[in-house]
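Take a look at the letters that make up each chain.
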Amino acid sequence: MRVFTTVKDLGDLNAALKEAFEVKKNRFAYKALGENKTLLAVFFNSSLRTRLSTQKAAMNLGMNVIVLDVNQGAWRLETERGVVMDGDKSEHILEAIPVMASYCDIIGVRSFAQFENKQDDYSEKILNQFIRYAGRPVFSMEGATTHPLQAFADLITIEEFKTKERPKVVLTWAPHPKALPQAVPNSFADFMNEADVDFVISHPEGYELDPKFVRGAKIEYDQRKAFIGADFIYAKNWSVFEDADYGQIISKDRSWTVDTAKMALTNDAFFMHCLPVRRNMIVTDDVIESPKSIVIQEAANREISCQVVLKRMLENL
Ligand code: AN0
Ligand code: CP
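Residues numbered from 1 in each chain as written. Chains lettered and ligands numbered in written order. Predicted model: local features only at pLDDT ≥ 70, side-chain atom pairs only at ≥ 80, totals over all residues. Heavy atoms only, no water.

Section: the pattern of salt bridges
Enumeration over the complete set of coordinates arrives at 21 salt bridges. Of the charged contacts in the structure, one is a salt bridge between D69 and R51, with a shortest N-O distance of 2.9 Å. Taken together, the positions of D69 in strand β3 (residues 64-69) and R51 in helix α2 (residues 49-60) put the pair 18 residues apart, joining distant regions of the chain. The residues D69 and R51 share a single accessibility class, namely buried. Here R110 ties to E142 by a salt bridge, and the two come within 3.7 Å at their closest N and O atoms. Separated by 32 residues along the polypeptide, R110 in strand β6 (residues 106-110) and E142 in the loop between β7 (138-140) and α6 (148-161) bring together distant segments of the chain. E142 carries the same exposure label as R110, and that label is buried. Here the salt bridges do not stand alone but share partners, grouping E19, K311, R312 and E315 into one network. (Salt bridge = Lys/Arg side-chain N within 4 Å of Asp/Glu carboxyl O. Helix = DSSP H or I, 4+ residues; strand = E, 2+ residues; numbered from the N terminus. Buried < 20%, exposed > 50% of the residue type's maximum accessible area, 1.4 Å probe, protein only.)

A look at the packing of helix α1 (residues 13-25) against helix α12 (residues 295-315)
Interhelical geometry of α1 versus α12 gives an angle of 110° and a closest axis separation of 9 Å. Considering their axes alone, α1 and α12 lie roughly perpendicular with respect to each other. Handedness of the crossing formed by α1 with α12: right-handed. Each of A15, A16, E19, A20, V23 and K24 in α1 lies in contact with α12, whose residues at this interface are N301, I304, Q307, V308, K311 and R312. Looking at the contact of α1 with α12 residue by residue, the class counts come to 6 nonpolar, 2 polar and 4 charged. (Axes fitted to C-alpha atoms, helices over the stretch in contact; angles between N-to-C directions. Parallel < 35°, antiparallel > 145°, perpendicular 65-115°, else oblique. Left-handed = near helix turned anticlockwise from the far one by under 90°. Contact = heavy atoms within 4.5 Å. Nonpolar A, V, L, I, M, F, W, Y, C, P; charged D, E, K, R; others polar.)

Some details on the site of ligand 2
Around ligand 2, the neighbouring residues are S47, L48, R49, T50, R110, H147, Q150, C274, L275 and R302. Within the backbone of L48, one N or O atom sits 2.6 Å away from an oxygen atom of ligand 2. Considering ligand 2 on its own, with 260 Å² of exposed area, one finds that the protein chains cover 94% of that surface. Each of domain 1 (3-146 + 300-315) and domain 2 (150-298) gives at least three residues to the shell around ligand 2. (Near = heavy atom within 4 Å. Polar contact = N/O pair within 3.5 Å; in protein donor to acceptor, adjacent residues only side chain to side chain. Areas by Shrake-Rupley, 256 points an atom, 1.4 Å probe, with all protein chains shown as cover. Domains from an automatic or database assignment.)

Structural notes on the pairing of β6
The buried fraction of β6 amounts to 5 of the 5 residues, a majority that puts the element mostly inside the structure. Sheet topology note: the strand β2 (residues 38-43)/β6 ladder contains 5 bridges and is parallel. Among the inter-strand pairings, A41 is bridged to a residue of β6, identified as G108. Judged from the 3 bridges that link them, β6 and β7 form a sheet pairing that is parallel. (Pairing = 2+ DSSP bridges.)

Overview of the domain arrangement of the protein chain
Structurally, the protein chain comprises domain 1 (3-146 + 300-315) and domain 2 (150-298). Looking at the side of domain 1 facing domain 2, the largest losses of area belong to F115, K118 and Y122, adding up to 27% of the total buried there. The tally of links from domain 1 across to domain 2 stands at 2 salt bridges. For D243, the salt bridge identified is with K118, shortest N-O distance 2.6 Å. (Buried area = accessible area lost by both parts, 1.4 Å probe.)

Below, the structure written as structure tokens:
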């Protein structure tokens, strides 16, 4: 594996899941694979889970790890070619990328949507420059449009907790005070569409996601209807994808908060969220603290999803 940004990069999803469960059973079995190999994890944005789980996964494989927070201590990077650099940006990403690559074997990049220009975000302008100029395998630690390590961990978690062959999985929008990217729901849809699940997306009108990720998924604008019979409720906020209001918040409707009354409509569903989550905006205290909440197990599986990706990249160096 040279690149990991979407579900397709995993190839056969059942084989990837099998590998994930093998890794989880003995996460130190491939400790020799990463000997004298270095992972560089580059963060343009904040992170708790991705930062820690990626380092842990690399350490399980015997790798050395370097973490760079671009906005803390590095030079401010210009990302646009042709700019006269007479402002506050001291270094161009076109030098920075090959320099960073010269110190490592594999690179992980976190670079969120900036909501300044939809075209820039949806062409993955930053992440794709790493893929193009690093000359190293590159994986997304959440780009502008996808968060595949999260969605892979989500799928692993659903596989572990499902009690029927083909569970009903509902991705529901929920309110949030700040504009958030579409990367998490995009990747969740990307993975669920390839998995053996009955997949439904529920959101207020105007919050339609990119059809490239939604594909044939069912859309249900009535959240209560969507919840009926669900086996998994996956909550997430996202901002508008449509051109006219791209990156905007058009609703903060608190009637979309996931609460106990709504969970009672489900088939005793598990509650999932990628975290970080704002309590009593996205989900009530009662639901996230209930025995059916599997957000911690879900986060723990981030170590596993990342380890599968790193293992495959190391095997292919
Ligand atoms: C980010 C998002 O919604 O994409 C990261 C989630 C993993 N969330 C926030 O910025 C709060
Ligand atoms: N779920 C997730 O990616 O969390 P962080 O933003 O804390 O890494």
